[in-house]
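# Residue-level structural notes
Below, each chain spelled out in residue letters.
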Amino acid sequence: MQFSNIKWINNNPYSIDYNDIYFSTDDGLQETEYVFIQGNQLKQRFASHDISHFTIIETGFGTGLNFLAVAALWLALAPVGAKLQYISIEKYPLTLADLSRAHASWPQFAAISHELLQHYAKLKAGNNIYNMAAGLIQLTLQADDILDAIPQISQIVDAWILDGFAPAKNPDMWRPALFEHMARLSHTNTTFATFTSAGVVRRGLQATGFDVKKHAGFGKKREMLSGVFIE
Ligand SMILES: C[S@@+](CC[C@H](N)C(=O)[O-])C[C@H]1O[C@@H](n2cnc3c(N)ncnc32)[C@H](O)[C@@H]1O
């Protein structure tokens, strides 16, 4: 397992390998809430009375900011006893020290972050399964390339968080095989959201059966994509 090679700019992580930011330097948490939570309508769906479990797959765990925000939302809104399965695949995990430093910016998630950091200290290559929040959240953190990991997954997904660096900087991740496996693991009403509006992503998702909509992007990004699997 190879750890990420990052530097800190104004207390924000920056990937030296990919030459890209981990999240918006305007406000990473607001970006998560706008792009991924609103883009997948997670508030409304988590608060639905008949929900007993929900599965998310994320491409690129990074600092875990999306996970922390989604986990907190789940604990606040989901019906009593309902279970969240959050699967995140990460090729180059942050070191424990870098992860802790990033989390210090979000004291509102201190409880779930504390639990995560204890597990993360024992991170190993391949599958890491963490039972958290008294069993209400299971995080599967797979330290692997998404394109190697996703063929092994059989879990049907309710929402996709497509985070990965910009397609222009990380073309290896945004390949047709990713979109084909997304379709294999989706049901009608499975949603996706992503910060990018790159044509390769829009066309790849449309080609595999997703209805793709463009929206105003967050911060400096002009547009983003979200949508639903219809086929
Ligand atoms: C923009 S960052 C993710 C930000 C993250 N969601 C957060 O909240 O910090 C993109 C992440 O995708 C990971 N990544 C890039 N290519 C990948 C691949 N092919 N498979 C798995 N992870 C990948 C990077 O190592 C990086 O951590």
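Everything discussed here concerns the structure shown above.
Read on for a plain summary of the structure.

Procedures and definitions
Residues numbered from 1 in each chain as written. Predicted model: local features only at pLDDT ≥ 70, side-chain atom pairs only at ≥ 80, totals over all residues. Heavy atoms only, no water. Pairing = 2+ DSSP bridges. Helix = DSSP H or I, 4+ residues; strand = E, 2+ residues; numbered from the N terminus. Contact = heavy atoms within 4.5 Å. Near = heavy atom within 4 Å. Polar contact = N/O pair within 3.5 Å; in protein donor to acceptor, adjacent residues only side chain to side chain. Areas by Shrake-Rupley, 256 points an atom, 1.4 Å probe, with all protein chains shown as cover. Buried < 20%, exposed > 50% of the residue type's maximum accessible area, 1.4 Å probe, protein only. Phe/Tyr/Trp six-rings, centres within 6.5 Å; stacked < 30°, edge-to-face > 60°.

Turning our attention to the pairing of strand E1 (residues 6–9). Pairing of E1 with strand E2 (residues 12–15) involves 4 bridges; the strand directions are antiparallel. What sits directly across from Lys7, in E2, is Tyr14. Once E1 ends, the chain turns through 2 residues before running back antiparallel as E2, passing Asn10 with a positive phi of about 50 degrees.

Considering the arrangement of structural elements, one finds Gln142 in strand E7 (residues 137–143). For the pair Gln142 and Phe229, spaced 87 residues apart in sequence, the C-alpha to C-alpha distance is 24 Å. Sequence-distant contacts of Gln142, that is, excluding residues within four places in its chain, are made with Ser88, Ile89, Glu90, Gly126, Asn127, Ala149 and Ile153.

So, on to the site of the ligand. In the neighbourhood of the ligand, 24 residues make up the surrounding shell, with Thr63, Glu90, Ile146, Asp163 and Asn170 lying closest. Within the side chain of Glu90, a nitrogen or oxygen atom sits 2.5 Å from an oxygen atom of the ligand. At 3.0 Å from a nitrogen atom of the ligand is found a side-chain nitrogen or oxygen belonging to Asn170. Across the complex, the protein chains shield 98% of the 600 Å² of accessible surface that the ligand would expose by itself. For the shell around the ligand, the elements supplying multiple residues, two or more each, are helix H3 (65–77) and strand E5 (83–90).

Further remarks concern the sheet that holds strand E3 (residues 20–21). Pairing is antiparallel across the open sheet formed by 3 strands, whose spatial order is E1-E2-E3. Of all the strands in the sheet, just E1 and E3 have a single pairing partner and so form its edges.

Let us now look at the side chain of Thr190. Of note, Thr190 is situated in strand E9 (residues 186–194). Assessed through its relative accessible area of 0%, Thr190 is described here as buried. A polar side-chain atom of Thr190 sits 2.7 Å from the main-chain carbonyl oxygen of Val157. When sequence neighbours within four positions are dropped, the list of residues in contact with Thr190 reads Val157, Asp158, Ala159, Trp160, Gly227, Val228 and Phe229.

Looking now at the packing of aromatic side chains. If you walk through the whole model with that rule in mind, you get 13 aromatic pairs. Taken together, a centroid distance of 6.3 Å and an interplanar angle of 70 degrees make the contact between Trp174 and Phe195 edge-to-face. Here Trp174 is found in the loop between strand E8 (157–162) and helix H7 (176–184), whereas its partner Phe195 is found in the loop between E9 and helix H8 (199–207), with 21 residues between them in sequence. Taking 5.6 Å as the distance between ring centres and 90 degrees as the angle between the ring planes, the aromatic pair formed by Phe192 and Phe210 counts as edge-to-face. You can see Phe192 sitting in strand E9 and its partner Phe210 sitting in strand E10 (residues 210–216), a full 18 residues away along the chain. A relative accessible area of 0% means that Phe192 is categorised as buried.

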